[in-house]
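Here is what each chain is made of, one letter per residue.
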Amino acid sequence: MRPRIAGTLLLMVWVIVAAVLAAGGPARAFLAQVEAELKEQTQRVMAADWIKNTYLTEDTAALAAAVNEELLAVTSRHVRDARRFQGQALDPESRRKLHLLRLRTPLAAPSDPAQRRRLAKLREQMDAAYSRARDCGPEGRGPCQDLQQVIRLFATNRDAETLRNAWLGWHRQGRLQRPRYTEFVAAANVGAREFGFADMGEMWRSAYDMPPAAFAREIDRLWRQVRPFYEALHCHVRGRLARAFAGSLPADGSIPAHLVGNLWSQDWSTIYPLVEPFPGKAGPDVSAALARGKFDPIRAVTTGESFFTSMGLPDLPKSFWQRSIFTKPAGREMTCFDAAYDVSGDGDLRLKMCVQPNAESFATVHDELAQIYYLDAYRGRPELFRRAANEAFDQAVGSTVTLSITPAYLARLGLADHALEDEQALINRLMQLALDQIVFLPFARAVDEWRWGVLAGQIPPSRYNRAWWELRRRYQGIVPPSPRTEEDFDPGAKRHIPANLTYIRYFVSYVLRFQLHRALCHAAGVSGPLTACSVHGSREAGKRLWEMMSLGASRPWQEALAKIAGERTLDASAMLEYFAPLRGWLDRQNGTQRCGW
Ligand code: SER
């Protein structure tokens, strides 16, 4: 019997291998051609994008939009052509490439040209309407202010009535967006179905190397880890808001959206002065030291580069210094948002940034350079793998590095007097950070859970706004400043909805940031608290970081994580460990008072 079983097995293996080889040949040839075309097209997009973003005119914007649209059309064509390999036995690399091809753009364009044009038009109209939006008061009668002015107002004004009016004024724009968004959802789903997904939400959730439903469960698991901490923070902040805005808080324990210093209640750090644990206790004044030390933009960037070379990463190429832009050029329009590029895709690394002599900008330099090193590390990979491990990884890597800007690191640079942080200054710093990082998580979850529900048809247009506020209330404990109706469309007042940008990536990247930091600290052999750890100078941490980054998207992100952390699942415990001193302080403050909503 035995030799016969062995023979049958051998035959089966042979049949499978032959099938894989037979199908694999055409698939590999197809992918080689797709990658060559995508590489060329992507280079054009990058060049057009660089020019537009560093020399903004109507012409450069139109050219950039045109090549971007071309790339979208080319990608959609490739995805449709690739359908002939569906269900065939392929080698793992080709399988992965075909999967990544379907996820390359956040929007799947339908094959019918009229539908495709309509979808592009709707997105463009929603985006344009958002950029033109103004707050013209609760009745829309004016006077008006633009988004930057409203953001500033929320950061600085503490008059409940003024804030409420501005909030209502800004959110009026949703009414215009609602019919377009409703049509957009249907059209986008047509494309997603053609790409082989149940709907666009499922397509987005498929970008995490696990079944879409398992990914949604992961988000829930991570949120459960953080929720008790968020509740403690919410409780403390609410108590302080009740003092500052006497009579403006509802009795049910929730917080009205207009009182937390941010138009979307996603980052409460501007109300820090109202909740500061130890008044006046601050760490080193890095901005003053930077200004005193005359850290011009070049010096800030070379200092950032030294952070990475101290970890054994290579020097940045000469062309980086020749082609990057660190200050806003005179005599032409340039958007100042920070961006990292590899324009040619072959190591043509560039930074576009308006570097300022302050602590925030100094941290951003480190963040952007990390993303530049990421581009450099995976540039030798095939085109479809020249990406971060998933859509959250590049941002996470950048922000991880900024956690290493500790008082000790600053003291080494001559930017701080003391390498040690005073306990009270630390708790203050953690409070400031938590008002941004911890507070953000329930917001991000609500945004994309809403969208997943809408895209799957579980939230029909007749419940768009109600469902939005149910989720905001459930996760954030935030309620609208006054009752809303289905005439309103409050999701439309947050850019990522009309611009169709995925949002859960930020949730993942915030969690990942602390997990990567803890892992790099362990690699560096630092055993003290995570708040005091800088991986500056650690070759071992540098080696692991580089190994992880150089994988690009060639392997599932779990393997990339394992390269640094030795673990394959996301884990918010590092975040909790980082904030532990603040958590202890909050629990003592909150004591036995009733919390929650
Ligand atoms: N950049 C994202 C936003 O603006 C997340 O912080 O909402």
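Everything here concerns the structure above.
Residues numbered from 1 in each chain as written. Predicted model: local features only at pLDDT ≥ 70, side-chain atom pairs only at ≥ 80, totals over all residues. Heavy atoms only, no water.

### Some thoughts on the pairing of strand β2 (residues 339–342)
Link 1 in the chain: Sheet topology note: the β2/strand β3 (residues 349–352) ladder contains four bridges and is antiparallel. Within β3, the residue paired with A340 across the bridge is L351.
Link 2 in the chain: Linking β2 to β3, which pair antiparallel, is a turn of six residues; within it G345 sits at a positive phi near 85 degrees. (Pairing = 2+ DSSP bridges. Helix = DSSP H or I, 4+ residues; strand = E, 2+ residues; numbered from the N terminus.)

### Details of the site of the ligand
Link 1 in the chain: Inspection of the region around the ligand gives Q266, F440, K494, H496, Y503, Y506 and Y510 as its neighbouring residues.
Link 2 in the chain: Q266 places a side-chain nitrogen or oxygen 3.0 Å from an oxygen atom of the ligand.
Link 3 in the chain: At 2.8 Å from an oxygen atom of the ligand is found a side-chain nitrogen or oxygen belonging to K494.
Link 4 in the chain: When its residues are assigned to classes, the shell around the ligand shows four nonpolar, two polar and one charged. (Near = heavy atom within 4 Å. Polar contact = N/O pair within 3.5 Å; in protein donor to acceptor, adjacent residues only side chain to side chain. Nonpolar A, V, L, I, M, F, W, Y, C, P; charged D, E, K, R; others polar.)

### Things to note about helix α2 (residues 58–81)
Three or four residues apart is the spacing at which side chains of an α-helix point the same way, because the helix has 3.6 residues per turn.
Link 1 in the chain: An ideal rise of 1.5 Å per residue puts 34 Å on 24 residues; α2 measures up with 35 Å between its terminal C-alpha atoms.
Link 2 in the chain: Buried within α2 are the following residues: T60, A64, V67, L71, V74, T75, S76, H78, V79 and R80.
Link 3 in the chain: The N-cap residue of α2 is T57: its side-chain oxygen and the backbone nitrogen of D59 are 3.2 Å apart. (Expected span 1.5 Å × (residues − 1). Buried < 20%, exposed > 50% of the residue type's maximum accessible area, 1.4 Å probe, protein only.)

### Comments concerning helix α15 (residues 393–402)
Link 1 in the chain: With respect to burial, α15 is a largely interior element, eight of its ten residues being buried.
Link 2 in the chain: If you check which residues of α15 are buried, you get F393, A396, V397, G398, S399, T400, V401 and T402.

### A word on the packing of helix α19 (residues 504–523) against helix α21 (residues 557–565)
Link 1 in the chain: In contact at an axis separation of 8 Å, α19 and α21 are set at 35 degrees when each is read in the N-to-C sense. For the pair formed by α19 and α21, the contact residues are L512, Q515, L516, A519 and L520 on the first element and L561, I564 and A565 on the second.
Link 2 in the chain: Residue composition of the contact of α19 with α21, grouped by class: seven nonpolar, one polar and no charged. (Axes fitted to C-alpha atoms, helices over the stretch in contact; angles between N-to-C directions. Contact = heavy atoms within 4.5 Å.)

### Observations regarding the packing of aromatic side chains
Link 1 in the chain: As enumerated under the stated definition, the model contains 37 aromatic pairs in all.
Link 2 in the chain: With centroids separated by 5.8 Å and ring planes inclined at 45 degrees, the aromatic side chains of F229 and F579 adopt a geometry described as tilted. Here the residue F229 occupies a position in helix α9 (residues 212–244), and F579 occupies one in the loop between α22 (573–578) and α23 (580–590), the gap between them amounting to 350 residues. Like F579, F229 is buried.
Link 3 in the chain: Sitting above the plane of the W50 ring, R350 keeps its charged end 5.0 Å from the centroid. (Phe/Tyr/Trp six-rings, centres within 6.5 Å; stacked < 30°, edge-to-face > 60°. Lys NZ or Arg CZ within 6 Å of the ring centre and 35° of its normal.)

### So, unusual backbone geometry
Link 1 in the chain: Backbone torsion omega between G142 and P143 reads 0 degrees, so that peptide bond is classified as cis.
Link 2 in the chain: Position of P143 among the secondary structure elements: in the loop between α4 (113–132) and α5 (147–156).
Link 3 in the chain: At N500, a residue that is not glycine, the phi angle is positive and equals roughly 55 degrees.
Link 4 in the chain: Relative to the helices and strands, N500 resides in the loop between β4 (478–479) and α19.

### Some words on the environment of E559
Link 1 in the chain: By the secondary structure assignment, E559 is in helix α21.
Link 2 in the chain: Spatially, the C-alpha atoms of E559 and L103 are 19 Å apart, while their sequence positions differ by 456 residues.

### A look at the environment of L410
Link 1 in the chain: Tracing the backbone shows L410 in helix α16 (residues 407–412).
Link 2 in the chain: Residue classification places L410 among the buried positions, given a relative accessible area of 5%.
Link 3 in the chain: Along the primary structure L410 and Q356 are separated by 54 residues, whereas in three dimensions their C-alpha atoms are 17 Å apart.

### A closer look at the nonpolar core
Link 1 in the chain: Residues Y181, W268, F393, W450, F579 and L582 are the most contacted members of the largest nonpolar core, which totals 175 residues.
Link 2 in the chain: Ranked by residue count, the leading element in this core is helix α17 (residues 423–455), at 19 residues.
Link 3 in the chain: Y181 has contacts with M126, W450, R451, V454, Y464, F489 and I497, leaving out every residue within four places of it along the chain.
Link 4 in the chain: Judged by nonpolar contacts, the second largest core, of seven residues, contains W50, A339, V343 and C354. (Core = buried A, V, L, I, M, F, W, Y, C linked by side-chain atoms within 4.5 Å.)

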